[in-house]
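# Residue-level structural notes
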Number of protein chains: 2
Amino acid sequence: KPKEQAFDKNDPYSNDPKRHPAIIPASSKPFNGEPPSAILTDNFLTPNDLFYIRNHLPVPDVNVKSYKLDISVQGPGKFTSFSFDDLKRKFPKKSTAVVLQCAGNRRSEMVKIKPVKGLNWGTSAIGNAEWSGPCLDDLLKQAGIDIDQVTQKHVLFGGMDKDPAGSPYEASIPIELARLLKRDIIVAYEMNGQEIPRDHGYPVRIIIPGIVGARQVKWLTSIKLSNEESMCHWQQNDYKGFHSSIDWNNVNFKSVPAIMELPVTSAICEPIEGTDLAPDADEVTVKGYAWSGGGRGIVRVDVSIDGGKTWDSATLSPPKQPMYKTFAWTFWEATLPIPKNHKGKVEIICKAADLSYNVQPDSVEGIWNLRGVLSNAWHRVNISIPKS
Amino acid sequence: KPKEQAFDKNDPYSNDPKRHPAIIPASSKPFNGEPPSAILTDNFLTPNDLFYIRNHLPVPDVNVKSYKLDISVQGPGKFTSFSFDDLKRKFPKKSTAVVLQCAGNRRSEMVKIKPVKGLNWGTSAIGNAEWSGPCLDDLLKQAGIDIDQVTQKHVLFGGMDKDPAGSPYEASIPIELARLLKRDIIVAYEMNGQEIPRDHGYPVRIIIPGIVGARQVKWLTSIKLSNEESMCHWQQNDYKGFHSSIDWNNVNFKSVPAIMELPVTSAICEPIEGTDLAPDADEVTVKGYAWSGGGRGIVRVDVSIDGGKTWDSATLSPPKQPMYKTFAWTFWEATLPIPKNHKGKVEIICKAADLSYNVQPDSVEGIWNLRGVLSNAWHRVNISIPKS
Ligand SMILES: [Mo]
Ligand SMILES: [Mo]
């Protein structure tokens, strides 16, 4: 069972930080929330206080003076520890704009088909920030570890957020992925040029570009090279993708790998669902985001205002990143003529293709799954055109 | 206009090799053909004489004694040449099982929606072979070229097959991709342990794992590092993906990048369309392949025998390759009970998810495009169950 709805013993959440009033809560303990979708496309870099918040446990209150990041290798044991000051002073600082997205972003579209377990996210459990800090590779080298030579098969990241039994949040990535992203993984101590807010991992979190939010461990305090992947609940028994006939009676979480790279997605941020255009409007400007996992840039966003019968090409604003290392999102915009034969309502659809020409699936039905993750079907928004 | 249906001047095709009688022709000059789908799943490594043949031009007749592979860099010019003997003796031999797939594989499904330009491929314009030869990286190093340091943006591969004006087939890949695949690109002189058949590039072809067939230049005679991508027709004005409202009047081939990595796909190879099962059969065994570009392994193949209302999980036979460098295909199999309420006919569907949890799109309509490429919708096969 997901642990999210759990425990309220002496309220471990009483020390959680204050959140921006524009953040729409999805749950309160732990706190989860997303900004209104129309705010997302206002800024290429999502402001820190408007960035979606995804907590699995109470927010730790970390004293930066006693903060330690421990590096260890299964077998030999502890290699070294770095203080916060070490991280800031001893290593070159790397900065990259990277999208983080919750595996459950757009879950609310799946819920309409059939109930699922999970937070009822809209389209804004995604954000793009510039993250700064040392390369993981530089830290490991300093600790005497060559990631291309180690025999361990996984890199584990431990957080300082703990469940009532005292077990911390933890996640891992396969060593193969750590090698592919060798110079791209950042041990981040800044978010958009500021210290990382408590909700986002103060003082240090890991940023693994192109993969699911669940592995971007916040309040990072340990990095371990291990023969086994993390045994944490969220690594083993959550955040995996199944077909729509798998239910809680027949699910086998061991049958598929933990989600890492995410599939291509896009969403319409403006206009929002239910918008009334000006009476007799003859066109509508549509804006949104598109993004894909694995650093695959967006090559095309297609938009339709007639239920998918005809399509237009949106104008893309790609980030200034290499095409095979496009970790930031691509904003897009299109101005579409309202079809003459509308009956007061039209449905707008968007769908994106990434550098591998992977595309979004047509229907939510086809990808429905018991945990409501990986919800990347064509995005649809319904708006009204009143008569004057 | 595609050049494929062109020229018959003194029949430059008269010296083409003989083909295996099981190969089903898609065109004769140039010759293109695919094996019957039920043969595909018989062998993890597709036999050389049953591997789909995709020629854009007449097949050259190459004298291996005078064969040269020229390496050059835009600016400095020619760096070096290697003889066939150099390739075999001077470098370590690398062998990898790699799928090649035509961008137009499964085009026949798009044709049913609306006509497209291109060969009417079924599901077998795909094959998996073990390719052997030096790493491209070793050749370049020997020529004094460090692929991580060059300023040129593209790697061009030139063939010995020529159009009537004397222009050779050519393709290129972005330098970024060449770097990502650094030790994986093979200058192949063997296919499944034998010399490469003439139809497949004798004596030497390039093998760039995880990307579209059109860049796997056969009869390879030149490798150039260049500031510009290949200007060849098939690089610039073909093998690109558009939405379904783009037609030959409004297409802008410059608007999207040339196809490189291919999207996730799968197909049912057995039973074939129109199969009559045994009278009153109560189950059917279904077999097929699944594969994705970019080395992304297959994590799941879902099969349905009730039009997608319910799904079963196929049993996968993944190749023995690393999960982020899975360049070979994954065969799969499932035995499905015939639904009790069938009326003599059932439709079988398959769909796959790859390591990034990208999935196949539901409908052919949603991905139809004027050239009929990237046809990776859910695959459907209709069979009959006679009454006894
Ligand atoms: Mo998440
Ligand atoms: Mo092709």
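Everything numeric here is computed off the predicted structure, so don't read it as measured data.

## A short note on the overall build of chain A
What chain A contains, in helices and strands, is 6 helices and 22 strands. Taking 388 residues into account, the globule formula puts the C-alpha radius of gyration at 21 Å, and chain A, at 21 Å, falls close to it. If you take every contact in chain A between residues at least 6 apart in sequence, the share linking residues at least 24 apart comes to 72%. Surface summary for chain A: the accessible area is close to 15000 Å², and the carbon and sulfur share equals 50%. The average position of the 46 basic charges and that of the 44 acidic charges among the side chains of chain A differ by 4 Å.

## A closer look at the environment of Gly158(B)
Relative to the helices and strands, Gly158(B) resides in strand β8 (residues 154-162). Along the chain, Gly158(B) and Leu220(B) lie 62 residues apart, while their C-alpha atoms are 5.8 Å from each other.

## Quick look at the sheet that holds strand β20 (residues 330-337) of chain B
To summarise the sheet geometry, strands pair through backbone hydrogen bonds and adopt either a parallel or an antiparallel arrangement. Residues and elements named next belong to chain B. Ordered in space as β15-β16-β20-β19, the 4 strands form an open sheet in which the pairing is antiparallel. With one partner strand each, in any of the chains shown, β15 (265-270) and β19 (315-317) form the two edges of the open sheet. Between one strand axis and the next, the sheet turns by 25° as a mean value, whatever way the strands run.

## A closer look at the environment of Asp238(A)
Mapped onto the fold, Asp238(A) is located in the loop between α6 (233-236) and β15 (265-270). At a separation of 2.7 Å, a polar atom in the side chain of Asp238(A) contacts the side chain of Arg371(A).

## Quick look at the relation of the copies chain B and chain A
The transformation that overlays chain B on chain A combines an axial shift of 0.0 Å with a rotation of 180°, and the residual RMSD is 0.0 Å. What the superposition gives is, in effect, a two-fold axis relating one chain to the other. Closest to the rotation axis within chain B is the C-alpha of Pro361(B), separated from it by 2.0 Å. A high fraction, 100%, of the interface residues of chain B reappear at the interface in chain A, so the copies pair face to face through one surface.

## A short note on the sheet that holds strand β14 (residues 222-226) of chain B
Residues and elements named next belong to chain B. Read from one edge to the other, the open sheet built from 5 strands follows the order β5-β4-β14-β8-β9, with strand pairing classed as mixed. On the outer flanks of this sheet lie β5 (77-83) and β9 (168-174), each paired with one strand and no other. Strand-to-strand twist in this sheet, taken as the mean axis angle between neighbours without regard to direction, amounts to 20°. Across 6 bridges, strand β4 (residues 68-73) lies against β5 in antiparallel orientation. Counted as the bridge partner of Asp 70 is Ser 81 from β5.

## Some remarks on the packing of aromatic side chains
Following the criterion strictly, the structure yields 24 aromatic pairs over all chains and no others. Between Phe51(A) and Trp131(A), the aromatic rings sit 6.1 Å apart at their centres with planes inclined by 85°, giving edge-to-face as the arrangement. Highlighted residues: Phe51(A) in the loop between α1 (37-40) and β3 (53-54) and Trp131(A) in strand β7 (residues 126-133), separated in sequence by 80 residues. For the residue pair Phe51(A) and Trp131(A), the accessibility class agrees, reading buried in each case. Each ring, one from Tyr52(A) and one from Trp121(A), has its centre 6.2 Å from the other, and the planes form 85°; the classification is edge-to-face. Of this pair, Tyr52(A) sits in the loop between α1 and β3 while Trp121(A) is found in the loop between α3 (107-111) and β7, placing the two residues 69 residues apart along the sequence. Residue classification places Tyr52(A) among the buried residues on the basis of a relative accessible area of 6%. Above the ring of Trp368(A), the side-chain terminus of Lys114(A) is found at 4.2 Å from the ring centroid. Positioned above the aromatic ring of Trp248(B) is the side chain of Lys117(B), whose terminal nitrogen or guanidinium carbon lies 4.2 Å from the ring centre.

## Examining the interface of chain B and chain A
Every contact between the two is made by 47 residues of chain B and, on the other side, 47 residues of chain A. Buried area between chain B and chain A, summed over both chains or domains, comes out near 3600 Å², and the portion from carbon and sulfur atoms is 55%. When residues of chain B are sorted by the area they lose upon contact with chain A, His243(B), Tyr324(B) and Tyr357(B) head the list and together hold 22% of the total. Counting across the chain B and chain A interface gives 21 residue pairs in polar contact (both at pLDDT 80 or more). Contributions of two or more residues to the side of chain B that touches chain A are made by α5 (175-180), β17 (298-304), β18 (312-313) and β21 (345-354) of chain B. Across the side of chain B that touches chain A, the residue classes break down as 24 nonpolar, 11 polar and 12 charged.

## Let's talk about unusual backbone geometry
Residues and elements named next belong to chain A. In this model, Tyr 202 is joined to Pro 203 through a cis peptide bond whose omega is 5°. Here Pro 203 shows up in the loop between β12 (194-195) and β13 (205-207). Omega for the peptide link from Glu 270 to Pro 271 comes to -5°, which places this bond in the cis form. Examined against the element boundaries, Pro 271 turns out to sit in the loop between β15 and β16 (283-291). One non-glycine residue, Tyr 357, lies in positive phi territory at about 60°. If you trace the backbone, Tyr 357 turns up in the loop between β21 (345-354) and β22 (379-384).

## As for the side chain of Ser72(A)
Looking at where Ser72(A) falls in the secondary structure, it is placed in strand β4 (residues 68-73). In contact with Ser72(A), other than residues within four places in its own chain, are Gly77(A), Lys78(A), Phe79(A), Ile223(A), Lys224(A) and Leu225(A).

## Quick look at the confidence of the model for chain A
The predicted coordinates ought not to be read in detail in places where the model reports low pLDDT. Residues and elements named next belong to chain A. Across chain A, the average pLDDT comes to 95, with 98% of residues at or above 70. Across residues 1-7, confidence stays below pLDDT 50; counting only partners more than four residues off in sequence or on other chains, it has 22 contacts. In the predicted assembly, ipTM is 0.95 and pTM is 0.96.

## Overview of the pairing of strand β2 (residues 31-34) of chain B
Every other side chain in a regular strand lies on the same face of the sheet, so the side chains alternate between the two faces. Residues and elements named next belong to chain B. Burial of the side chains of β2 extends over both faces: Phe 31 and Gly 33 are buried on one face and Asn 32 and Glu 34 on the other. In sequence, strand β1 (residues 24-28) turns back onto β2 through a hairpin of 2 residues. With 2 bridges joining them, β2 and strand β3 (residues 53-54) adopt antiparallel strand pairing. Counted as the bridge partner of Asn 32 is Arg 54 from β3.

## A word on the state of the cysteines
Defined simply, a disulfide is a covalent bond joining two cysteines at their sulfur atoms. All names here are of chain A. A complete count under the given rule lists 0 disulfides over all chains for this structure. No disulfide involves Cys 350; its sulfur sits 8.5 Å from the nearest other cysteine sulfur, which is in Cys 269. A residue is classified by how much of its surface remains accessible, and Cys 350, at 0% relative accessible area, is buried.

## Regarding the pattern of salt bridges
Residue and element names in this part refer to chain A. One pass over the full model with this rule turns up 39 salt bridges over all chains. Residues Asp 16 and Arg 19 are paired through a salt bridge, measuring 3.0 Å at the closest nitrogen-oxygen approach. Judged by its relative accessible area of 22%, Arg 19 falls in the partly exposed class. Across the pair Lys 93 and Glu 190 runs a salt bridge, and its minimum N-O distance is 3.0 Å. With Lys 93 in the loop between α2 (84-89) and β6 (94-101) and Glu 190 in strand β11 (residues 190-191), this pair connects stretches of sequence that are 97 residues apart. According to the relative accessible area criterion, Lys 93 is partly exposed, its value standing at 46%. Salt bridges linked by common partners bring Asp 137, Asp 138, Lys 141 and Arg 183 together as one network.

## Considerations on the environment of Ala314(A)
All names here are of chain A. Note that Ala 314 resides in the loop between β18 (312-313) and β19 (315-317). The buried category is assigned to Ala 314, whose relative accessible area is 11%. If sequence neighbours within four positions are ignored, Ala 314 has contacts with Val 301, Val 303, Trp 332, Glu 333 and Ala 334.

## Looking at the side chain of Asn128(A)
Residues and elements named next belong to chain A. Tracing the backbone through its elements, the reader meets Asn 128 in strand β7. Given the relative accessible area of 0%, Asn 128 is considered buried. Within the structure, the side chain of Asn 128 is placed 2.8 Å from the backbone oxygen of Phe 44, a separation counted as a polar contact.

Criteria and thresholds
Residues numbered from 1 in each chain as written. Chains lettered and ligands numbered in written order. Predicted model: local features only at pLDDT ≥ 70, side-chain atom pairs only at ≥ 80, totals over all residues. Heavy atoms only, no water. Helix = DSSP H or I, 4+ residues; strand = E, 2+ residues; numbered from the N terminus. Rg over C-alpha atoms; globule rule 2.2 N^0.38 Å. Contact = heavy atoms within 4.5 Å. Areas by Shrake-Rupley, 256 points an atom, 1.4 Å probe, with all protein chains shown as cover. Lys, Arg positive; Asp, Glu negative; His and termini not counted. Charge placed at Lys NZ, Arg CZ, Asp CG, Glu CD. Pairing = 2+ DSSP bridges. Axes fitted to C-alpha atoms, helices over the stretch in contact; angles between N-to-C directions. Polar contact = N/O pair within 3.5 Å; in protein donor to acceptor, adjacent residues only side chain to side chain. Least-squares fit on C-alpha atoms with pLDDT ≥ 70 in both. Phe/Tyr/Trp six-rings, centres within 6.5 Å; stacked < 30°, edge-to-face > 60°. Buried < 20%, exposed > 50% of the residue type's maximum accessible area, 1.4 Å probe, protein only. Lys NZ or Arg CZ within 6 Å of the ring centre and 35° of its normal. Buried area = accessible area lost by both parts, 1.4 Å probe. Nonpolar A, V, L, I, M, F, W, Y, C, P; charged D, E, K, R; others polar. pLDDT = per-residue confidence, 0-100. Disulfide = S-S within 2.5 Å. Salt bridge = Lys/Arg side-chain N within 4 Å of Asp/Glu carboxyl O.

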